[in-house]
Amino acid sequence: AISFSSRYRIANDFVYGQGETAQNSMYHDKDFRLAYSTENDHALTLTAESELHLGGPWGRPIGFNGTKYMRVTNQEDNTWHSSITTVWQPERKLKRMEASVYYDQEYRQQIKDSYDVGSKLLSYREDVRYSNYYLGWRQLTIFDLSKQVNISTGTDGVYYRIQSPTEYTDYFLSATINNRVTKDAGVSLTGVFAETEYKSANDKVKIRVGMRGDYSNINEGDVYDTTLTKGRNSNIYAWNGTSGIVYSAAKNLFLSFQLARSCRMPDASEMFVITSNADGLVYGNSSLTPEYGVNVDAGLRGNVGPLTFDCSPFINFLHNFISLEYWTNSGKKGINYTYYNIDKARIFGVELSVGAKILEVFHPDNRMIYNGTFVATRGDKLTDEPNWFSSGVPLRNIPPFNTNQDITFRRMLRAGKSWYIGGDIRFYATQNRIAPSSDGGYISPSYCLFGASAGFTFRRGKSKWDIKLKGNNLADNKYRPFESLVYSMGRNYKVMLSVDF
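Residues numbered from 1 in each chain as written. Predicted model: local features only at pLDDT ≥ 70, side-chain atom pairs only at ≥ 80, totals over all residues. Heavy atoms only, no water.

Colleague: I'd like a description of the overall build of the chain, backed by residues and values.
Modeller: For the chain, the count of helices and strands is 1 helix and 26 strands. For the chain, the proportion of its 501 residues judged to be buried stands at 38%. Sequence separation of 24 or more characterises 60% of the internal contacts of the chain that already satisfy a separation of 6 or more. Total accessible area on the chain stands at roughly 27,400 Å², and carbon and sulfur atoms take up 57% of it. (Helix = DSSP H or I, 4+ residues; strand = E, 2+ residues; numbered from the N terminus. Buried < 20%, exposed > 50% of the residue type's maximum accessible area, 1.4 Å probe, protein only. Contact = heavy atoms within 4.5 Å. Areas by Shrake-Rupley, 256 points an atom, 1.4 Å probe, with all protein chains shown as cover.)

Colleague: Which residues make up a nonpolar patch on the surface, and what values do they have?
Modeller: There is a patch of nonpolar side chains on the surface, built from I2, F4, F32, L34, Y36, L52 and W80 and spanning about 710 Å² of accessible area. When residues of the nonpolar patch are assigned to their parent elements, the largest contribution, 3 residues, is made by strand β2 (residues 27-40). Among the structural elements, Y36 can be located in strand β2. Here Y36 falls in the partly exposed class, since its relative accessible area comes to 41%. (Patch = residues over 30% accessible without salt bridge, like charges linked within 9 Å, V, L, I, M, F, W, Y side chains within 5 Å. Salt bridge = Lys/Arg side-chain N within 4 Å of Asp/Glu carboxyl O.)

Colleague: Before we move on, can you summarise the pattern of salt bridges with the specific residues and values?
Modeller: Scanning all chains against the criterion turns up 22 salt bridges. The shortest N-O distance in the salt bridge between R108 and E106 comes to 2.8 Å. Between D406 and R426 there is a salt bridge, and its shortest N-O distance comes to 3.2 Å. Of this pair, D406 sits in strand β20 (residues 401-412) while R426 is found in strand β21 (residues 418-428), placing the two residues 20 residues apart along the sequence. By relative accessible area, which is 24% here, R426 ends up partly exposed. Overlapping salt bridges bring together D406, D424, R426 and K470 as one network.

Colleague: Give me the environment of G331: which residues, what numbers.
Modeller: Position of G331 among the secondary structure elements: in the loop between β16 (307-326) and β17 (336-359). Residues G331 and Q23 lie 308 residues apart in sequence; the distance between their C-alpha atoms is 26 Å.

Colleague: Break down the confidence of the model for the chain for me, citing the residues and quoting the values.
Modeller: With 95% of its residues at a pLDDT of at least 70, the chain reaches an overall mean of 89. Here strand β22 (residues 431-433) stands out as the least confident element of the chain, with mean pLDDT 67; strand β3 (residues 44-55) is the most confident, with 96. (pLDDT = per-residue confidence, 0-100.)

Colleague: Quick rundown of the nonpolar core? Include the residues and the values.
Modeller: With 23 residues, the main nonpolar core has Y130, I162, I218, M271, F272 and Y339 as its most contacted residues. Sorting the residues of this core by element identifies β7 (122-144), β8 (149-170), β9 (175-199), β11 (233-250), α1 (268-272), β16 and β17 as the ones contributing at least two each. The element that contributes the greatest number of residues to this core is α1, accounting for 3 residues. Counting residues in hydrophobic clusters, the runner-up holds 8 residues, among them F64, M70, Y283 and V486. (Core = buried A, V, L, I, M, F, W, Y, C linked by side-chain atoms within 4.5 Å.)

Colleague: Account for the environment of S82, naming residues and giving values.
Modeller: Within the fold, S82 resides in strand β5 (residues 70-88). By relative accessible area, S82 is classed as buried at 17%. With 124 residues separating them along the chain, S82 and K206 place their C-alpha atoms 37 Å apart. Not counting residues within four places of it along the chain, the set of residues in contact with S82 comprises E49, S50, V101, Y102 and Y103.

Colleague: Any details on the pairing of β7? Residues and values, ideally.
Modeller: By the bridge criterion, 21 bridges tie strand β6 (residues 94-115) to β7 in an arrangement that is antiparallel. Looking at the pairing, Q109 lines up with R129 of β7. Taking the residues that link successive antiparallel strands as the turn, the β6-β7 hairpin has 6 residues, and the phi of K120 there is positive, at about 65°. In the sheet, β7 pairs with β8 via 19 bridges, with the strands oriented antiparallel. In the sheet register, D127 faces β8, and the bridge partner there is E167. Counting the residues that bridge the hairpin from β7 to β8 gives 4 residues. (Pairing = 2+ DSSP bridges.)

Colleague: Account for the packing of aromatic side chains, with residues named and values stated.
Modeller: Enumeration according to the criterion identifies 16 aromatic pairs in this entry. Seen in terms of ring centroids, F317 and W388 are 5.4 Å apart; in terms of plane orientation they differ by 75°. Their pairing is edge-to-face. With F317 in strand β16 and W388 in the loop between β18 (366-381) and β19 (393-394), the pair connects residues that are 71 residues apart, well separated along the chain. You can call W388 partly exposed: its relative accessible area is 21%. Plain terms: the ring middles of Y326 and Y337 are 6.3 Å apart, the flat faces sit at 80° to each other, and that makes the pair edge-to-face. (Phe/Tyr/Trp six-rings, centres within 6.5 Å; stacked < 30°, edge-to-face > 60°.)

Colleague: Before we move on, could you go through the pairing of strand β12 (residues 253-264) and cite the residues and values that matter?
Modeller: Pairing between β11 and β12: 9 bridges, direction antiparallel. Paired with I245 across the strands is F257, a residue of β12. Where β11 folds back onto β12 in an antiparallel hairpin, the turn is made up of 2 residues, including N252, whose phi is positive at roughly 60°. Bridging between β12 and strand β15 (residues 291-304) involves 12 bridges; their strand directions are antiparallel. Paired with S262 across the strands is G293, a residue of β15.

Colleague: Any chance you could break down unusual backbone geometry for me, citing the residues and the numbers?
Modeller: In this model, G56 is joined to P57 through a cis peptide bond whose omega is 0°. Along the chain, P57 turns up in the loop between β3 and β4 (58-59). One non-glycine residue, N24, lies in positive phi territory at about 65°. By the element assignment, N24 lies in the loop between β1 (2-11) and β2. The exposure class assigned to N24 is buried, which follows from its relative accessible area of 5%.

In structure tokens, the structure reads:
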């Protein structure tokens with residue numbers, strides 16, 4: 001089988017709620033994907049795919065980092081991904097063997113222009129020509145030793161290298177400096193893992209136990225800054241372990257519990273790359289160390305009649321937690337962030353999802369579909385606290401409560417035709433977020449968004465057609481979504497046509 005897909009997008013500056021234009025928020029990109037797959041007697045399959053993204057120019061809305069005197073644009077933002085995967089399923093004691101390899105590369109030119117507050121003239125430009133490439137692999141083998149026991153073993157890894165030559169221009173001083181911030185910096189990571197699962201004879205109980213060992217080399221390479229120093233080069237060894245149990249308490253009702261000891265290596269972008277998000281500029285920190293944690297989670301899931309549900313409480317106790325924090329005393333304009341290791345942190349919460357599909361609502365040809373999610377999360381920095389259950393200081397990037405509610409009503413007609421209408425609600429609670437201000441933080445007010453949709457579905461020959469009208473933020477609210485200093489889009493509509501051949 002062969003498949004090909006493509007997409008082209010172009011947009012001018014969007015408009016906030018209540019009609020204000022978000023200057024420098026344009027984007028322009030093209031995407032292409034080609035995939036090939038072959039299968040031999042359902043036992044051996046080979047899949048190859050390649051994806052190309054040609055992005056730019058696109059911009060960060062002016063004011064995204066707390067200042068109106070900076071403009072950040074990506075003139076180019078190109079990525080290429082390719083991979084090959086093969087799977088063999090002999091359906092014997094050796095149940096499944098798969099192997100994959102992939103290669104990715106990226107090129108990005110980001111220009112950051114700073115303007116003088118008084119004269120409003122261009123005063124300073126930072127032009128970064130960032131590029132990277134990485135090669136990765138994964139191998140997995142699954143053995144069915146008996147009806148009750150199987151074992152999975154394998155290895156994976158990645159080799160990642162980046163470069164970011166930068167040109168600085170001071171227009172007031174008429175000076176230009178070329179500086180190679182990083183040269184062949186990156187991370188090499190290799191891991192081996194094994195997991196076993198035991199099932200009771202009647203599948204009432206499933207027990208999983210797993211172990212993983214990791215080796216990582218962090219190489220900063222030649223720094224090429226004012227000190228002309230040699231960067232960090234260190235090796236790290238770590239292990240992870242997990243154990244869990246799933247119990248079938250009744251038909252279609254499952255209880256689960258899992259305990260894990262985890263380690264997360266800092267990745268190359270967190271250590272060496274300058275990027276931007278919807279809240280400001282983000283600078284890498286080459287001195288990051290691995291993050292370790294003990295993670296506990298439980299679950300209750302199943303279905304009763306037309307109702308399905310999944311409830312998952314969790315708590316994580318973390319050492320050297322890698323967190324994106326405001327960069328105090330950065331000496332740079334606007335709001336800037338970098339990554340830090342927080343020696344002691346805790347994150348806990350609960351996630352609940354509920355769904356229902358109800359037939360014959362008021363009429364035999366009617367059906368109603370409901371999906372809802374509820375998420376409550378809290379994270380605390382516990383550096384100066386005596387124990388793991390103290391209050392602490394709130395962590396960034398963790399919204400305390402949000403909920404999404406979607407409901408769709410569909411009427412079935414003859415000859416495979418149907419029409420439908422739907423509505424949705426998105427709610428995010430008030431959030432205390434750490435950022436620069438006189439009192440050490442600021443508050444993002446709660447907000448609620450309303451949406452609606454309507455559509456018509458029909459078949460013509462072997463093809464299925466779907467025409468849909470979707471409206472978002474119908475109340476035209478001017479709101480700041482989580483992790484953004486910029487107001488989000490106002491009322492907007494989409495008209496979509498989908499055809500399945």
